[in-house]
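Listed below, chain by chain, are the residues.
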Amino acid sequence: MARFPATAAVAAAGLIGGYATARFSGRRELGGAVLAAAGTTAAVRWHRRAGTPAAAGLTVLYLAAFGGSHPLAKKIGAWPAVLTVTGVVAAASALATGE
């Protein structure tokens, strides 16, 4: 049986996939659904792998990355902003969970 992907990849898929879905579909709520589904999955996995405090901190970081990508996009562009915040979240996730 195949292993589920590392939590860092799930979080990255939520941030990148959420943005891409919203941008290319023209429907922000669809992007939000992707962001929420991946964020929920990641939060459950963070909790299992690293405990409640780490899961709470990573969830806050995930949400802050989403929010922070908007003003950052005005300075460096949308895709660079999304990729930058995704890298931060993925790195923090990998460090916290060992995945």
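Just above sits the structure.
The structure reproduced in this document is the subject of the present report. What you see is a predicted model, and the numbers here were worked out from it, not measured in a lab. Starting from 1, residues in each chain are numbered consecutively following that chain's sequence as written. Whole-chain, interface and lining totals are the exception, using all residues; otherwise, since this is a predicted model, local features are given only for residues with pLDDT of at least 70 and side-chain atom pairs are given and counted only at 80 or more. Side-chain numbers here rest on the full set of heavy atoms in the structure, without hydrogens or water.

1. What about the pattern of salt bridges?
Worth spelling out the cut-off: Throughout this description, the term salt bridge denotes a Lys or Arg side-chain nitrogen within 4 Å of a carboxyl oxygen of Asp or Glu.
Counting across every chain of the model gives one salt bridge. Residue Glu 29 pairs with Arg 27 through a salt bridge whose shortest N-O separation is 2.4 Å.

2. Concerning the packing of helix 2 (residues 28–50) against helix 3 (residues 52–76)
Going by this rule: To obtain each axis, a line is fitted to C-alpha atoms, and for helices this fit is confined to the stretch in contact; angles are then taken between N-to-C directions over 0 to 180 degrees. Here a helix means four or more residues in a row that DSSP labels H or I, a strand means two or more in a row labelled E, and each is numbered from the N terminus. Put simply, angles under 35 degrees are roughly parallel, angles over 145 are roughly antiparallel, angles from 65 to 115 are roughly perpendicular, and the rest are oblique. Crossing handedness follows the turn of the near helix against the far one: under a right angle anticlockwise gives a left-handed crossing, and clockwise gives a right-handed one. Should any heavy atoms of two residues lie within 4.5 Å, those residues are considered in contact.
In contact at an axis separation of 7 Å, helix 2 and helix 3 are set at 155° when each is read in the N-to-C sense. Put simply, helix 2 runs roughly antiparallel to helix 3. Between helix 2 and helix 3 lies a crossing whose hand is right-handed. Contacts between helix 2 and helix 3 involve Leu 35, Ala 38, Gly 39, Ala 43, Trp 46, His 47 and Ala 50 from the former and Thr 52, Ala 54, Ala 55, Leu 58, Thr 59, Tyr 62 and Phe 66 from the latter.

3. What about helix 1 (residues 7–25)?
Formally: How far a helix is expected to stretch is found by multiplying one less than its residue total by 1.5 Å. When a residue's accessible area, from a 1.4 Å probe over protein chains only, is under 20% of the maximum for its type it is buried; when over 50% it is exposed; and in between it is partly exposed.
End to end, helix 1 covers 26 Å across 19 residues, agreeing with the expected 27 Å (1.5 Å per residue, within 8%). Buried within helix 1 are the following residues: Thr 7, Ala 8, Val 10, Ala 11, Ala 12, Gly 14, Leu 15, Gly 18 and Ala 20.

4. Concerning the packing of aromatic side chains
Which entries qualify depends on this criterion: Only Phe, Tyr and Trp rings are paired, with Trp represented by its six-membered ring, and only when their centres lie within 6.5 Å; those with planes under 30 degrees apart are stacked, over 60 edge-to-face, the remainder tilted.
In total, this model carries three aromatic pairs according to the counting rule given. Their ring planes at 70° and their centres at 6.4 Å tell us that Trp 46 and Tyr 62 sit as a pair that is edge-to-face. Of this pair, Trp 46 sits in helix 2 while Tyr 62 is found in helix 3, placing the two residues 16 residues apart along the sequence. Taken together through their ring pairs, the aromatic side chains of Tyr 19, Phe 24 and Trp 79 make up a single cluster.

5. Quick notes on the environment of Leu 72
By secondary structure assignment, the location of Leu 72 is in helix 3. Put simply, Leu 72 and Ala 11 are 61 residues apart on the chain and 19 Å apart in space, counted from C-alpha to C-alpha. When sequence neighbours within four positions are dropped, the list of residues in contact with Leu 72 reads Gly 77, Ala 81, Thr 84 and Val 85.

6. What to know about the nonpolar core
The condition that has to hold: The set of buried Ala, Val, Leu, Ile, Met, Phe, Trp, Tyr and Cys residues whose side-chain atoms join them within 4.5 Å is what this entry labels a nonpolar core.
Ala 11, Leu 15, Ala 42, Trp 46, Tyr 62, Ala 65 and Val 89 are the most contacted members of the largest nonpolar core, which totals 13 residues. Counting only elements with at least two residues in this core, the list comes to helix 1, helix 2, helix 3 and helix 4 (78–97). Ignoring any residue separated from it by four or fewer positions in sequence, one finds Ala 42 in contact with Thr 7, Val 10 and Ala 11.

By themselves these figures say nothing about function.
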